[in-house]
Amino acid sequence: MTAKLRETMRMGKLWKLGLAGLLAASAFGWAQSGEHRGPTAGPKSGGGELRVYFVDVEGGQSTLFVMPSGESLLVDTGSPDARNPNAPRDASRIAAMCKLAGVTKIDNLLITHYHSDHVGGLPQLVGMIPVGRFIDHGPNRETADVQGGASTIAGYNAYQKVLADSHADHLTVKPGDVLPVKGMKVEVVSGDGEVIAKPLAAGGEPNPACAASPLKDAENTENDRSLGLVITFGRTRILDMGDLTWNKERGLMCPVNKLGKFDVYVVSHHGLINSGSPALVDAIAPRVAIEDNGPHKGGAPSTYVTIEGSSRLQDLWQLHTAEVPDAKNVADARIANLPATPSSPDAGNYLKLTVRTDGTLTVMNSRTGASVEYPTK
Ligand SMILES: [Zn+2]
């Protein structure tokens, strides 16, 4: 590894103060000073960098992109929290992340699909921060007879109520569309069970990894309908497919890799075994992979082996130590949340990716405050 360790303790300490502490810190001006202009300065002063925050929603997804202009895109909202209506876990963490990032309004809130670990936090989140535009793949098609179907329908209905009550824009997108955001290009490559018909400009090569990815049993759930996003910023390409399933990946990757290679892979489906096939991971050949896993959700050993074995990988990062049977984990330094203990409960630490226009990537672990830089190859 050529990555260079660099201490950035301040941000990690700030996060540990929590939201209340953060507000106090802002009042004292801490959050407006120091080396790290990105996450603490106002939304108009991103310094030409793309900032991406991976919020810990305990095995769901919530990823906040902040473009240099300050325009924001939040992908998914974690889970609902009926036990704590006044301080719901995931919505509170996302709102605190926005605050830390200098985001006072979520300009674009994209829901990859309607499972509760993605759309569930939305009704509580919209009570905390305004949203400019909602983006999704269209109607829910999951029925009550599949496992978890009832909760999917409930999550979708709650989202529909937010849409009906909101004055925000609502956009439904399909494969081939480009999101109307400025500052980075976001191409939709999958949605509502369909994928792009033709390769992107960066794709089109035959994919020899297809043979190692035989079809699995079909799911026929909302996972299959996830919006998949190809994000281009400068020379950097980021892939986020939500929970798109193994079989649907084949439509994008076999026999021809329609997507091309990537610098950053937001690990599909929390690292569960029914996504992240070798056909996908070997062909996209990411330099850095970041996994939205929980202690007992995702982070499958086979996913670890596939990612660690891909040809250009410099580092895999995890939001949690996987505590699943036969777990395989990266070094603690690249894990945001270690196993919770009575004296050290889960703190909801996040990972932050910074992308410079020259292609340099930096990943910061808020638990340690340390960053690793990945220079352009
Ligand atoms: Zn999920």
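Residues numbered from 1 in each chain as written. Predicted model: local features only at pLDDT ≥ 70, side-chain atom pairs only at ≥ 80, totals over all residues. Heavy atoms only, no water.

It is worth spelling out the overall build of the protein chain at this point. For the protein chain, the helix and strand inventory stands at 10 helices and 20 strands. Evaluated residue by residue, the protein chain yields a buried proportion of 58% over its 377 residues. Of the contacts formed within the protein chain by residues at least 6 apart in sequence, a portion of 70% connects residues at least 24 apart. Total accessible area computed for the protein chain in this model is approximately 14700 Å², and 56% of it derives from carbon and sulfur atoms. (Helix = DSSP H or I, 4+ residues; strand = E, 2+ residues; numbered from the N terminus. Buried < 20%, exposed > 50% of the residue type's maximum accessible area, 1.4 Å probe, protein only. Contact = heavy atoms within 4.5 Å. Areas by Shrake-Rupley, 256 points an atom, 1.4 Å probe, with all protein chains shown as cover.)

Here we take up the coordination of the zinc ion. Protein coordination at the zinc ion comes from D117 (OD), H118 (NE2), D243 (OD) and H270 (NE2), with a distance range of 2.1 Å. In this structure, the zinc ion is surrounded by four donor atoms whose angles at the metal cover 84 to 158°, and the resulting shape is irregular. On the primary sequence, the residues serving as donors to the zinc ion are separated as D-H-x124-D-x26-H. Linking D117 in helix α5 (residues 116-119) with D243 in the loop between β12 (236-240) and α8 (246-253), this pair joins segments that are 126 residues apart in sequence. (Donors = N, O, S within 2.8 Å, 3.2 Å for Na, K, Ca; no water. Tetrahedral: all angles 85-135°; square planar, octahedral: opposite > 155°, others 65-115°.)

Here we come to unusual backbone geometry. That bond from C254 to P255 is cis: its omega, -5°, falls within 30 degrees of zero. Here the phi dihedral of E58 falls at roughly 55°; this positive angle occurs in a residue that is not glycine. Assignment of secondary structure puts E58 in the loop between β2 (50-54) and β3 (63-66).

Tallied over the full model, the rule gives four aromatic pairs. Arranged with centres 6.0 Å apart and planes meeting at 35°, the rings of Y114 and Y159 form a pair that is tilted. Remark: Y159 occurs in helix α7 (residues 149-165) and Y114 occurs in the loop between β5 (108-110) and α5; sequence separation between them is 45 residues. When its relative accessible area of 0% is taken as the criterion, Y159 is described as buried. In this structure an aromatic cluster arises from ring pairing among Y114, F134, Y156 and Y159. One residue, K216, lies across the ring of W246, its end atom 3.9 Å from the ring centre. The positively charged end of R237 is found above the aromatic ring belonging to F262, 4.3 Å away from the centroid. (Phe/Tyr/Trp six-rings, centres within 6.5 Å; stacked < 30°, edge-to-face > 60°. Lys NZ or Arg CZ within 6 Å of the ring centre and 35° of its normal.)

On to the pattern of salt bridges, then. Per the stated rule, a full pass over the model turns up 13 salt bridges. Linking D177 and K174 is a salt bridge whose minimum nitrogen-to-oxygen distance equals 3.5 Å. A relative accessible area of 22% places D177 in the partly exposed class. Note that R356 and E373 form a salt bridge whose closest N and O atoms lie 3.9 Å from each other. Within this pair, whereas R356 is found in the loop between β18 (351-355) and β19 (361-365), its partner E373 is found in strand β20 (residues 370-374), the two being separated by 17 residues in sequence. In this structure, a network of salt bridges that share partners links the residues D56, E58, R93 and D346. (Salt bridge = Lys/Arg side-chain N within 4 Å of Asp/Glu carboxyl O.)

It is worth spelling out the state of the cysteines at this point. On inspection of all chains with the given rule, the structure shows one disulfide. The residue that forms a disulfide with C210 is C254, at a sulfur-sulfur distance of 2.1 Å. Judged by the torsion about the S-S bond (-105°), the C210/C254 disulfide is left-handed. Of the two residues, C210 sits in the loop between β10 (205-206) and β11 (228-233) while C254 sits in the loop between α8 and β13 (256-257), which places them 44 residues apart along the sequence. Assigned by exposure class, C210 and C254 land together as buried. (Disulfide = S-S within 2.5 Å.)

Take helix α10 (residues 301-308) next. Buried residues of α10: T303, T306 and I307, and no others. Summarising the axial view, the buried residues of α10 lie within an arc of 95°, below the 170-degree limit, and thus occupy one face. Those residues of α10 that are buried lie in contact with β14 (264-266), α9 (278-284), β15 (288-291) and β16 (315-320). (Arc of directions from axis to C-beta.)

Here the focus is the nonpolar core. Ranked by size, the top nonpolar core spans 34 residues in total, and within it L50, F65, L73, L179, M184, I238 and L353 carry the most contacts. In this structure I238 touches L50, F65, L229, V230, I231, F262, V264, V266, L353 and V355, once residues within four positions along its chain are discounted. Counting 30 residues, the second-largest nonpolar core is a separate cluster that includes V57, I94, L109 and M364. (Core = buried A, V, L, I, M, F, W, Y, C linked by side-chain atoms within 4.5 Å.)

With that settled, consider the confidence of the model for the protein chain. Looking at the protein chain, pLDDT values average 90 and 87% of them are 70 or higher. This model gives residues 1-45 a pLDDT under 50, and the stretch forms 96 contacts once residues within four places in sequence are excluded. (pLDDT = per-residue confidence, 0-100.)

Before going further, it helps to spend a moment on the side chain of H320. Summarising the element assignment, H320 is placed in strand β16. Residue classification places H320 among the buried positions, given a relative accessible area of 1%. Within the structure, the side chain of H320 is placed 2.9 Å from the side chain of D56, a separation counted as a polar contact. At 3.2 Å, the side chain of H320 and the side chain of E58 are in polar contact. (Polar contact = N/O pair within 3.5 Å; in protein donor to acceptor, adjacent residues only side chain to side chain.)

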